[in-house]
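Descriptive analysis of the structure
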Amino acid sequence: MAEVSAQMVKELRERTNAGMMDCKKALSESGGDFAKAEEWLRKKGIAKSAGKEGRVAAEGVVGTYVHGGRIGVIVEVNCETDFVARNPDFQELVKDVAMQIAAANPKFVRREEVPTDNLDKEKDIQREILKQQGKPEAMLEKILVGKMEKYYEGVCLVDQLWVKDDKKKVGEMISERAAKIGEKVSVRRFVRYEVGEGIEKKKDDLAAEVAKTLGQA
């Protein structure tokens, strides 16, 4: 890989609005060639999507997905124009997001939505587990950072591993699709239903039920 200077990274960042580490990697992978580096970023869905952060995605669709008659999902995915909302690639993205929600059961779209109380509770639980494992007190907070990343991967949609390709996260998949579509794309909200969820199921006394069936009760 080519040696990349800070000035090269700065220049590519100004051209693409991509992150510094992404720019450095793009230049390294491209042998210091700026045109190839920009192309690398576009293929990864980084350059285009990064440049759209300030734009408003107020159009889109409400998509649905039902799995086996037992799990149902309603999700709102936004884009910038009604034209793109009708695009087959965008429609496919919405379906993939709904299927992800059905399969992985996230609780939030992104980590900024997780209530502070939830985070504090999870941190307390993980600290206690680490203490019981005999981890040094001085190391707890450092280890906790990794534990919380795992927590986010479980409860936040964009941080989850994509069920169709576990080598990338859902957020990365959405960014790549947004680059292909050519507009800012954002998942706004979702609801997931599962049959029987929240209902306290009756616990039958099996012995009594059998006896009743046999006429002994």
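From a predicted model like this one, the values you see are computed outputs, not experimental measurements.

Thresholds, definitions, all that
Residues numbered from 1 in each chain as written. Predicted model: local features only at pLDDT ≥ 70, side-chain atom pairs only at ≥ 80, totals over all residues. Heavy atoms only, no water. Patch = residues over 30% accessible without salt bridge, like charges linked within 9 Å, V, L, I, M, F, W, Y side chains within 5 Å. Areas by Shrake-Rupley, 256 points an atom, 1.4 Å probe, with all protein chains shown as cover. Salt bridge = Lys/Arg side-chain N within 4 Å of Asp/Glu carboxyl O. Helix = DSSP H or I, 4+ residues; strand = E, 2+ residues; numbered from the N terminus. Polar contact = N/O pair within 3.5 Å; in protein donor to acceptor, adjacent residues only side chain to side chain. Core = buried A, V, L, I, M, F, W, Y, C linked by side-chain atoms within 4.5 Å. Buried < 20%, exposed > 50% of the residue type's maximum accessible area, 1.4 Å probe, protein only. Axes fitted to C-alpha atoms, helices over the stretch in contact; angles between N-to-C directions. Parallel < 35°, antiparallel > 145°, perpendicular 65-115°, else oblique. Left-handed = near helix turned anticlockwise from the far one by under 90°. Contact = heavy atoms within 4.5 Å. Nonpolar A, V, L, I, M, F, W, Y, C, P; charged D, E, K, R; others polar.

1. Notes on a nonpolar patch on the surface
On the surface, Val 62, Ile 74, Val 191 and Tyr 193 cluster together into a nonpolar patch covering about 370 Å² of accessible area. Within the secondary structure, Val 62 sits in strand β1 (residues 59-67).

2. Remarks on the environment of Glu 141
Tracing the sequence through the fold places Glu 141 in helix α8 (residues 140-155). Sequence separation of Glu 141 and Arg 127 is 14 residues, and the distance between their C-alpha atoms is 8.2 Å. A distance of 3.0 Å separates the side chain of Glu 141 from the side chain of Arg 127, its partner in a polar contact.

3. Regarding the nonpolar core
Buried together is how nonpolar side chains tend to be arranged in soluble globular proteins. One finds Val 75, Phe 90, Val 97, Ile 174, Val 185 and Val 187 to be the most contacted residues of the largest nonpolar core, which totals 27 residues. Sorting the residues of this core by element identifies β1, β2 (71-79), α5 (82-85), α6 (88-104), α9 (170-181) and β5 (186-194) as the ones contributing at least two each. Considering every element that reaches this core, the biggest residue donor is α6, with seven residues. Residues Val 4, Met 8, Ala 18 and Leu 41 belong to the second largest nonpolar core, which totals 12 residues.

4. Structural notes on the packing of helix α7 (residues 116-132) against α8
The interhelical angle for the contact between α7 and α8, taken along N-to-C directions, is 125°, at an axis separation of 10 Å. When the axis of α7 is compared with that of α8, the two are oblique. Considering how the two elements wind past one another, α7 and α8 form a crossing that is right-handed. Taken together, the residues of α8 that come into contact with α7 (itself represented by Asn 118, Leu 119, Glu 122, Lys 123, Gln 126, Arg 127, Leu 130 and Lys 131) are Leu 140, Glu 141, Ile 143, Leu 144, Lys 147, Met 148, Tyr 151 and Tyr 152. A class-by-class count of the residues in the contact of α7 with α8 yields eight nonpolar, two polar and six charged.

5. Examining the pattern of salt bridges
It is possible for side chains bearing opposite charge to pair when their charged atoms get close. Scanning the entire structure with this criterion turns up 15 salt bridges. A salt bridge links Glu 76 to Arg 189, with the shortest nitrogen-to-oxygen separation between them at 2.7 Å. Remark: Arg 189 occurs in strand β5 and Glu 76 occurs in strand β2; sequence separation between them is 113 residues. Looking at Arg 189, the relative accessible area reads 48%, which means it is partly exposed.

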